[in-house]
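Below are the chains, spelled out letter by letter.
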Amino acid sequence: MSETSTADSAPPPASGAEEYVALDFANSVVTLPAGHLVDFLDTPGDANRWLTAHGLAPADAGVQEACARQLRTLREHLRALFAARVADLPAPPEALSAVNSALSGAPTAALLYWDEESGPYRAAPCPTDEILGRALAALAANAADLLTGPDADRLTACGSPPCNRYLLRHGRRQWCSTRCGDRARAARAYARRTHPEAG
């Protein structure tokens, strides 16, 4: 199995993640060298910790598997939109639809309920659903801001395979971390030594 549950070997946040939580969200699944995968949303507990660390849910939100699955699904749609933007391709319609659905899905008002004994009252349908809806909407809005704002032209994919993360380019930097940059430079140096005619 190529998936690992420890985040110890995961690289630090990519450039731009401090400005755009959606970028960090898209990068919450990381492919490391040798094909190892770290998924920060893999389990409900992982997803709850990630949301809490990013100020999108309280520690006791009680994220369930259905909620974690919704987060992972939105993440894949955002990654598809980022990939389309980086490659200058049309956006996948299903990814646009998913982001727009998340944008419009945040609960804005308590619903009306009717109790047989005490009559009508208003309440949120389910605290966890409300928390998740707000988190999904916040992530979708942040991604939309990135994709439509002045930083959109700086969005790029890490240039060090097998890394699958996105970053905001600063100058000529094309790697999400120093570790990826070092690995790419070492690979180029090795290629020059072993195939001097290609250099």
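Before reading on, note that the structure itself is shown above.
Because the structure is predicted, anything quoted here is derived from the model rather than measured.

What counts, and at which threshold
Residues numbered from 1 in each chain as written. Predicted model: local features only at pLDDT ≥ 70, side-chain atom pairs only at ≥ 80, totals over all residues. Heavy atoms only, no water. Helix = DSSP H or I, 4+ residues; strand = E, 2+ residues; numbered from the N terminus. Buried < 20%, exposed > 50% of the residue type's maximum accessible area, 1.4 Å probe, protein only. Arc of directions from axis to C-beta. Contact = heavy atoms within 4.5 Å. Disulfide = S-S within 2.5 Å. Polar contact = N/O pair within 3.5 Å; in protein donor to acceptor, adjacent residues only side chain to side chain.

A. Structural context of the environment of Arg179. For Arg179, the position within the fold is in helix 6 (residues 178-194). Residue classification places Arg179 among the partly exposed residues on the basis of a relative accessible area of 37%. Separated by 19 residues in the primary sequence, Arg179 and Ser160 have C-alpha atoms spaced 9.4 Å apart.

B. Representation of helix 2 (residues 44-53) in the model. Every buried residue of helix 2 is listed here: Ala47, Asn48, Trp50 and Leu51. Summarising the axial view, the buried residues of helix 2 lie within an arc of 165°, below the 170-degree limit, and thus occupy one face. Helix 2 presents Arg49 and Ala53 as exposed residues on the side facing more than 90 degrees away from its buried surface. Phi for Gly55, located one or two positions after helix 2, is positive at around 70°.

C. A look at the environment of Val86. Looking at where Val86 falls in the secondary structure, it is placed in helix 3 (residues 65-87). Sequence separation of Val86 and Thr156 is 70 residues, and the distance between their C-alpha atoms is 5.5 Å. Excluding its chain neighbours within four sequence positions, the residues that come into contact with Val86 are Leu155, Thr156, Ala157 and Tyr166.

D. Spatial organisation of the state of the cysteines. Taken as a whole and assessed by the stated rule, the structure comprises zero disulfides. As a non-bridged cysteine, Cys158 has Cys176 as the owner of its nearest cysteine sulfur, 3.8 Å distant. For Cys158, a relative accessible area of 9% gives the class buried. In this model Cys176 remains outside any disulfide bridge; the closest cysteine sulfur is found in Cys163, 3.6 Å from its own.

E. The arrangement of the side chain of Asp151 in detail. Note on placement: Asp151 falls in the loop between helix 5 (127-148) and strand 6 (155-157). Overall, the relative accessible area of 14% leaves Asp151 in the buried class. There is a polar contact of 2.7 Å between the side chain of Asp151 and the side chain of Arg154. Each residue touching Asp151, except ones within four places of it in the same chain, is listed here: Glu19, Tyr20, Leu146 and Leu168.

F. The environment of Gly62, seen in detail. Assignment of secondary structure puts Gly62 in the loop between helix 2 and helix 3. Each C-alpha atom of the pair Gly62 and Ala47 lies 9.9 Å from the other, and the pair is 15 residues apart in sequence.

G. Local environment of unusual backbone geometry. Geometrically, the link from Pro161 to Pro162 is a cis peptide bond, its omega value of 5° lying close to zero. Along the chain, Pro162 falls in the loop between strand 6 and strand 7 (166-168). Here the phi dihedral of Asp88 falls at roughly 55°; this positive angle occurs in a residue that is not glycine. As for its placement among the helices and strands, Asp88 is situated in the loop between helix 3 and helix 4 (93-104).

From the geometry alone we can't say anything about function, so treat these as descriptive.
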